[in-house]
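Overview (structure and organization)
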Amino acid sequence: MTMADQSTGQNIPTETRGARRARELARAAMWRLAPAYARRRARRVSNASALQRLQDDFDHVSKRHTEQIERLEELTRELVRTAESLRRELAARDPRET
């Protein structure tokens with residue numbers, strides 16, 4: 001084996017100027033774009049959690065609203081029954097009705 005056949009650390013081709021420049025540009029772009037990407041991602045997460053919170057609030061209010069409507073309907077039926085009962089009692093006591 002000759003000296004030319006043996007590989008040494010010195011025979012490894014060094015990085016070309018174009019590749020080095022591309023790597024530097026990529027690094028600079030990442031430092032510039034990463035904060036904006038992180039902000040956009042944080043905004044998406046924040047919006048998603050706010051939407052979930054609003055959905056939960058809406059579900060709770062909807063349930064409470066349904067319960068209130070049912071209670072009002074029950075009170076209305078009770079009021080109508082009371083009014084009819086009073087009307088019958090007054091009609092039974094009043095002898096002048098013909």
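Residues numbered from 1 in each chain as written. Predicted model: local features only at pLDDT ≥ 70, side-chain atom pairs only at ≥ 80, totals over all residues. Heavy atoms only, no water.

Evaluation of the coordinates by the stated rule reveals 3 salt bridges. In this structure, Arg71 and Glu74 form a salt bridge, with 3.1 Å as the shortest nitrogen-oxygen distance. Of this pair, Arg71 and Glu74 both sit in helix 1 (residues 17–93), separated by 3 residues, roughly a single helical turn. Taking relative accessible area as the criterion, Arg71 reaches 41% and is therefore assigned partly exposed. Note on Glu74: relative accessible area 38%, which makes it partly exposed. (Salt bridge = Lys/Arg side-chain N within 4 Å of Asp/Glu carboxyl O. Helix = DSSP H or I, 4+ residues; strand = E, 2+ residues; numbered from the N terminus. Buried < 20%, exposed > 50% of the residue type's maximum accessible area, 1.4 Å probe, protein only.)

Taken together, Arg39, Arg40, Arg43 and Arg44 make up a surface patch of like positive charges. Taking the relative accessible area as the measure of exposure, Arg40 reaches 38% and is therefore partly exposed. (Patch = residues over 30% accessible without salt bridge, like charges linked within 9 Å, V, L, I, M, F, W, Y side chains within 5 Å. Areas by Shrake-Rupley, 256 points an atom, 1.4 Å probe, with all protein chains shown as cover. Lys, Arg positive; Asp, Glu negative; His and termini not counted. Charge placed at Lys NZ, Arg CZ, Asp CG, Glu CD.)

This is a description of form; function is not addressed.
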